[in-house]
Amino acid sequence: MSKYELRDKTASLSGVTYEQSLLATTALTPPLLTRIGGPDGFHTLATLFYDRVFDDKENPWFLGIFASSTKSEAVDNQFRFLVQSFGGEALYKEKKGKYTRLVGRHANYKITSDAAERWLVHMNSAIDEHENLKQDEEAKEYLKKYFRYTAFYIVVASVYMKNDQLSGGVQIDSGRVW
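About the cut-offs
- Residues numbered from 1 in each chain as written.
- Predicted model: local features only at pLDDT ≥ 70, side-chain atom pairs only at ≥ 80, totals over all residues.
- Heavy atoms only, no water.
- Core = buried A, V, L, I, M, F, W, Y, C linked by side-chain atoms within 4.5 Å.
- Buried < 20%, exposed > 50% of the residue type's maximum accessible area, 1.4 Å probe, protein only.
- Helix = DSSP H or I, 4+ residues; strand = E, 2+ residues; numbered from the N terminus.
- Contact = heavy atoms within 4.5 Å.
- Phe/Tyr/Trp six-rings, centres within 6.5 Å; stacked < 30°, edge-to-face > 60°.
- Lys NZ or Arg CZ within 6 Å of the ring centre and 35° of its normal.
- pLDDT = per-residue confidence, 0-100.
- Patch = residues over 30% accessible without salt bridge, like charges linked within 9 Å, V, L, I, M, F, W, Y side chains within 5 Å.
- Areas by Shrake-Rupley, 256 points an atom, 1.4 Å probe, with all protein chains shown as cover.
- Salt bridge = Lys/Arg side-chain N within 4 Å of Asp/Glu carboxyl O.
- Axes fitted to C-alpha atoms, helices over the stretch in contact; angles between N-to-C directions.
- Parallel < 35°, antiparallel > 145°, perpendicular 65-115°, else oblique.
- Left-handed = near helix turned anticlockwise from the far one by under 90°.
- Nonpolar A, V, L, I, M, F, W, Y, C, P; charged D, E, K, R; others polar.

Caption draft 1: Here's a closer look at the nonpolar core. Membership of the largest hydrophobic core comes to 41 residues, with the highest contact counts inside it found for Phe42, Leu45, Trp119, Leu143 and Phe147. Every element with two or more residues in this core is listed here: α3 (32-35), α4 (38-54), α6 (71-85), α9 (113-129) and α10 (137-158). Excluding residues that lie within four positions of it along the chain, Phe147 makes contacts with Leu45, Leu82, Trp119, Leu120, Met123 and Ile127.

Caption draft 2: Structural view of the packing of aromatic side chains. Scanning all chains against the criterion turns up 13 aromatic pairs. When the ring of Phe49 is compared with that of Trp119, the centres are 4.8 Å apart and the planes differ by 50 degrees; the resulting orientation is tilted. Taken together, the positions of Phe49 in helix α4 and Trp119 in helix α9 put the pair 70 residues apart, joining distant regions of the chain. One Lys or Arg, Arg7, reaches over the ring of Tyr18 and ends 3.6 Å from the middle of that ring.

Caption draft 3: Main features of the confidence of the model for the protein. In this model, the protein carries an average pLDDT of 84, and 79% of its residues clear a pLDDT of 70 or more. In the model of the protein, helix α8 (residues 102-106) stands out as the element of lowest mean pLDDT, 59, in contrast to α4, which has the highest, 97. Counted against residues more than four places away or in other chains, residues 165-178, with its pLDDT under 50, gives 38 contacts.

Caption draft 4: Structural view of a nonpolar patch on the surface. On the surface, Met1, Val159 and Tyr160 cluster together into a nonpolar patch covering about 310 Å² of accessible area. Position of Val159 relative to the elements: it lies in the segment after α10. On the basis of relative accessible area, Val159 is assigned to the exposed category, the value being 62%.

Caption draft 5: Examining the pattern of salt bridges more closely. The full count for this structure, using the stated rule, is 12 salt bridges. Its salt-bridge partner being Asp56, residue Arg118 comes within 2.8 Å of it at the nearest N-O pair. Pair noted here: Arg118 is in helix α9 and Asp56 is in the loop between α4 and α5 (60-63), with a separation of 62 residues, a long-range link. By relative accessible area, Arg118 is classed as partly exposed at 21%.

Caption draft 6: Representation of the packing of helix α1 (residues 3-14) against α10 in the model. α10 packs onto α1 with a crossing angle of 120 degrees between their chain directions and a minimal axis gap of 9 Å. When the axis of α1 is compared with that of α10, the two are oblique. Relative to α10, the crossing made by α1 is right-handed. Listed contacts from α10 to Leu6, Arg7, Lys9, Thr10, Ala11, Leu13 and Ser14 of α1 are Arg148, Tyr149, Phe152, Tyr153, Val155, Val156 and Ala157. Split into classes, the residues belonging to the contact of α1 with α10 amount to nine nonpolar, two polar and three charged.

Caption draft 7: Just the environment of Arg7, in detail. Position of Arg7 relative to the elements: it lies in helix α1. Taking the C-alpha atoms as reference points, Arg7 and Thr17, 10 residues apart in sequence, are found 7.4 Å from one another. In contact with Arg7, not counting residues within four places along its chain, are Tyr18 and Tyr149.

Caption draft 8: The packing of α9 against α10, seen in detail. The contact between α9 and α10 brings their axes to 10 Å, and the two run at 160 degrees. By the angle class used here, α9 and α10 are roughly antiparallel. Considering the relative orientation of α9 and α10, their crossing is right-handed. For the pair formed by α9 and α10, the contact residues are Ser113, Ala116, Glu117, Trp119, Leu120, Met123, Asn124, Ile127 and Asp128 on the first element and Lys140, Leu143, Lys144, Phe147, Arg148, Ala151, Phe152 and Val155 on the second. Class assignment for the residues of the contact of α9 with α10 results in 10 nonpolar, two polar and five charged.

Caption draft 9: View of the side chain of His122. Mapped onto the secondary structure, His122 falls in helix α9. For His122, a relative accessible area of 6% puts it in the buried group.

Laid out in structure tokens, this is it:
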């Protein structure tokens, strides 16, 4: 399947086009990294998100997706990914290597549309709760579109992963760096 077909399937499932998902990284002035409060702002977002995820006792199936990492590891990985994705230092690359391989890092988990929706409930709440974003409707809208598209891209693309493309997953890599 071509990347264009993946994008079309993702847009159909998520309701967000690829182009709309890019607005968070391309259309904001000042950029999101500045609006959220720099790297510390992304650390706050990751913490707010994972506090919600690890407290989600009503959906143990969802928390099970995160069973192979501690909350602090999950926060750190997401923080690094977000800083790098939104124009900051290559923190994720420093820890995980050259490629983000977002789909590959999630391929061993059962990431369904229901899981994507549950993930988005927690992320959207974290965005709404973030002090630096509370009054910034434009940034919140673009960031939510970015995450909605990305969550469903993982759902769509994981169907087409090959065994040699997996990275991370339910087995903890040596040194717990994944």
